[in-house]
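Here is how the chains run, residue by residue.
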Amino acid sequence: MASLSVGSLGEYLREQRRSAQLSLRQLADAAGVSNPYLSQIERGLRKPSAEVLQQVAKALRISAETLYVRAGILDERERDELETPAVILADPSLTERQKQVLLQIYESFRKENGPAVDPGTPGDEQPPAPGPQDQ
């Protein structure tokens, strides 16, 4: 799990709120949380739950997974695995049938390519090819 970085979460939320041109009170109302609680989150004094982050993300119209990563609830690799299907399902320009077909294609490509390998993980190295001295 990623390390806790509540301060950067708060700064990020403040940036997103300002770019959405919402006051703290407007965002708190839209997310269904109290104004003082949201202020404490933005100032890095409180660590919100996943449910609160989801409500705030919905009110800001941003990815909840991005907030989960910033809050240390989800690591970056987990987010990547969740975000693509969520984006496909949320696209209003696609029919339900199109969404299902895209998800099936996406999953088949992921299975075909195998699990993602972190290049920095020990033990994942391939043995060296035999050189002329080994023959």
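Thresholds, definitions, all that
- Residues numbered from 1 in each chain as written.
- Predicted model: local features only at pLDDT ≥ 70, side-chain atom pairs only at ≥ 80, totals over all residues.
- Heavy atoms only, no water.
- Helix = DSSP H or I, 4+ residues; strand = E, 2+ residues; numbered from the N terminus.
- Contact = heavy atoms within 4.5 Å.
- Axes fitted to C-alpha atoms, helices over the stretch in contact; angles between N-to-C directions.
- Parallel < 35°, antiparallel > 145°, perpendicular 65-115°, else oblique.
- Left-handed = near helix turned anticlockwise from the far one by under 90°.
- Nonpolar A, V, L, I, M, F, W, Y, C, P; charged D, E, K, R; others polar.
- Core = buried A, V, L, I, M, F, W, Y, C linked by side-chain atoms within 4.5 Å.
- Buried < 20%, exposed > 50% of the residue type's maximum accessible area, 1.4 Å probe, protein only.

Draft legend 1. Layout of the overall build of the chain. The secondary structure content of the chain amounts to seven helices and zero strands. Along the chain, from the amino end to the carboxyl end, the secondary structure elements read α-α-α-α-α-α-α. Across the chain, contacts joining residues at least 24 apart in sequence account for 46% of those joining residues at least 6 apart.

Draft legend 2. Representation of unusual backbone geometry within the structure. A positive phi angle, close to 55°, is found at Gln21, a residue other than glycine. Residue placement: Gln21 occurs in the loop between α1 (6–19) and α2 (24–31). With phi around 60°, Arg61 is a residue other than glycine that occupies positive phi space. Locating Arg61 in the fold gives a position in the loop between α4 (50–60) and α5 (64–71).

Draft legend 3. Molecular detail of the packing of α2 against helix α3 (residues 35–42). In the contact formed by α2 and α3, the axes pass within 9 Å of each other and the chain directions differ by 110°. The pairing of α2 with α3 is recorded here as roughly perpendicular in orientation. Pair α2 / α3 crosses with right-handed handedness. The residues of α3 that touch α2, namely those facing Leu24, Arg25, Leu27 and Ala28, are Asn35, Leu38, Ser39 and Glu42. Class assignment of the residues belonging to the contact of α2 with α3 gives a composition of four nonpolar, two polar and two charged.

Draft legend 4. Region of the structure containing the nonpolar core. Leu9, Leu13, Val33, Leu38, Leu53, Val56 and Leu67 are the most contacted members of the largest nonpolar core, which has 21 residues in total. Within the residue set of this core, elements represented by two or more residues are α1, α2, α3, α4 and α5.

Draft legend 5. Inspection of the side chain of Gln16 at higher detail. Note on placement: Gln16 falls in helix α1. Not counting the four nearest positions on each side in its chain, Gln16 is found in contact with Leu60 and Ile62.

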